[in-house]
Amino acid sequence: MATRHTVTLALGDPPVELTAWDEIAITHDLRAPASGFALTVWREPDGERWNSVLESARLYAPLTLTVDGAVQLRGSIERMRPGGNRSGAPLTLGGRGLAGAAMTAHVDPALSLRGVSLADALTRIFRPLGIPVTVGVAASDARAVQAGARPGPVRQGTHRLHHRVDRYRPRPGTTVWQAADTLCRRHGYLLYAAPTAAGLGLVVDRPAYDAPVERSLTRTKVRRDNGGVLAWEGNILEGFRDVNATEVPTEVTVFGHSGLDAPQDARHRGRVSNDVLMAHPLVASSFYERPHYLRDPRARTPQVAEQRARRELARAMEEFDVYEATVQGFSQDGHLWAINATVHIDDELAGVRGDWLTTRVTFTRSRAGGHVTRLRLVPRGSLVIEPDPEV
């Protein structure tokens, strides 16, 4: 496990490399597309160098961050906070990856998509932003590049990108990312962003539950001094399991009705029970019911109503069982920690054991704390993307 890493930062155009800073934090999140960052730069003794940093630090100026040669962020500055106190004169910069623009910009409501492939639709949605986008980067390639592997030719998941978009027209106020995510969800795919050599990569895939396990988190009980002193060993500095059923329903029922062109007006419902909740080892054997009832005018058949119920239940269960851990360093066995990667957990203290999926990775480097990684993981199979042909 490496506890020290080579982190490079370049900002502006032409790029200026930062050689000293107090703290940098960058977050990759499988469910939040734009990697956010926060950077605090301290005034250097060399006034000329400091002035060049100030000249390059402009809102929307590009910023690139690499860890041990692996590109972790291609983004832009969206917030600046210059100033000072008795301790010094820091400059705090914040922003997001290139996908941040897609989360803010609205798609043109005059755009009309009909009978085009999913790849063509995503390309046309992103084109007005002027961002260099590679549509359909393979999830395994994105994971490998983020983990530090040497980037090769960009492969695409062609079978997913060939799905046809029958008809889509965005409503006014729909962001570029919302439009793209909607089209992917129609076919049951997860959409997330990853940096590439050219710019922004769009990964259209499903959670990688079948990915090989290349990393582990351990905390086991041992006795030292001839069995006298009880201690914990492993790479987990801090680890907690958060099981939260506050907003979790025991079952979901969706009511719908047939379309206007149906031969007769028919009302129907789709009901799905929360079997995962019932079978969870930390849930009591008997408890009060917590049903949810929804009406969806788009649920024109019982099958669509049931699918909508499954989707609502899956969303409610995304935060039900979460494990968060902190480890020293950014990597394990030469692999940087990465999202959409499977990790084996053996934590006797928190009572967690098994293969879990990494949904969030936060790298932090500071003068006081060194290199630290914070991870968020969910059990295999708990993140479900239900197809939604009606969106």
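The coordinates are above.
Residues numbered from 1 in each chain as written. Predicted model: local features only at pLDDT ≥ 70, side-chain atom pairs only at ≥ 80, totals over all residues. Heavy atoms only, no water.

A.B. asks: Got a minute to help me understand the sheet that holds strand S16 (residues 251-257) in this structure?
C.D. replies: Within a beta sheet, neighbouring strands are joined by backbone hydrogen bonds and run either parallel or antiparallel to one another. Across the sheet, which stays open at both edges, the 3 strands sit in the order S17-S16-S18 with mixed pairing between neighbours. Of all the strands in the sheet, just strand S17 (267-273) and strand S18 (291-295) have a single pairing partner and so form its edges. The average undirected angle you get between the axes of adjacent strands in this sheet is 15 degrees. Each of S16, S17 and S18 touches helix H8 (residues 302-317); the most contacted strand, S17, lies at about 35 degrees to it. (Pairing = 2+ DSSP bridges. Helix = DSSP H or I, 4+ residues; strand = E, 2+ residues; numbered from the N terminus. Axes fitted to C-alpha atoms, helices over the stretch in contact; angles between N-to-C directions. Contact = heavy atoms within 4.5 Å.)

A.B. asks: Could you clarify how one ought to interpret a nonpolar patch on the surface in this entry?
C.D. replies: A surface patch of nonpolar side chains, about 340 Å² in accessible area, is lined by Leu-59, Tyr-60 and Met-80. You can see Leu-59 is positioned in the loop between helix H1 (47-56) and strand S5 (62-67). (Patch = residues over 30% accessible without salt bridge, like charges linked within 9 Å, V, L, I, M, F, W, Y side chains within 5 Å. Areas by Shrake-Rupley, 256 points an atom, 1.4 Å probe, with all protein chains shown as cover. Salt bridge = Lys/Arg side-chain N within 4 Å of Asp/Glu carboxyl O.)

A.B. asks: Explanation requested: the packing of aromatic side chains in the structure shown.
C.D. replies: Each aromatic ring pair is summarised here by two numbers: the centre-to-centre distance and the angle between the ring planes. Scanning all chains against the criterion turns up 4 aromatic pairs. Judged by centre distance (6.2 Å) and plane angle (90 degrees), the ring pair of Phe-126 and Trp-177 falls under edge-to-face. Here Trp-177 lies in helix H6 (residues 176-186) and Phe-126 lies in helix H3 (residues 118-126), a separation of 51 residues in the sequence. Overall, Phe-126 belongs to the buried group, its relative accessible area being 2%. (Phe/Tyr/Trp six-rings, centres within 6.5 Å; stacked < 30°, edge-to-face > 60°. Buried < 20%, exposed > 50% of the residue type's maximum accessible area, 1.4 Å probe, protein only.)

A.B. asks: Help me understand H8 in this model?
C.D. replies: Its 16 residues give H8 an end-to-end C-alpha distance of 23 Å, which sits within 8% of 22 Å, the value for a rise of 1.5 Å per residue. Taken as a whole, H8 has its buried residues at Val-304, Ala-305, Gln-307, Arg-308, Ala-309, Arg-311, Glu-312, Leu-313, Ala-314 and Met-317. Tucked inside the fold, the buried residues of H8 contact S16, S17, helix H7 (275-279) and S18. (Expected span 1.5 Å × (residues − 1).)

A.B. asks: Please explain the nonpolar core as it appears in this structure.
C.D. replies: Generally speaking, a soluble globular protein has its nonpolar side chains buried in company with each other. Ranked by internal contacts, the top residues of the largest apolar core, which has 52 residues, are Leu-39, Leu-217 and Tyr-323. Broken down by element, the residue count for this core peaks at 5 residues, all from strand S23 (residues 352-366). (Core = buried A, V, L, I, M, F, W, Y, C linked by side-chain atoms within 4.5 Å.)

A.B. asks: Explain the pattern of salt bridges to me, please; I cannot follow it from the model alone.
C.D. replies: Close approach of charged atoms allows side chains with opposite charge to pair. For the structure on display, the rule yields 18 salt bridges. A salt bridge links Glu-55 to Arg-58; its shortest N-O distance comes to 3.6 Å. Judged by its relative accessible area of 41%, Arg-58 is partly exposed. Measuring nitrogen to oxygen at the nearest pair gives 3.8 Å for the salt bridge that ties Glu-214 to Arg-215. When its relative accessible area of 38% is taken as the criterion, Glu-214 is described as partly exposed. Here the residues in one salt-bridge network are Asp-296, Arg-298, Arg-308, Glu-312 and Arg-315, joined through shared partners.

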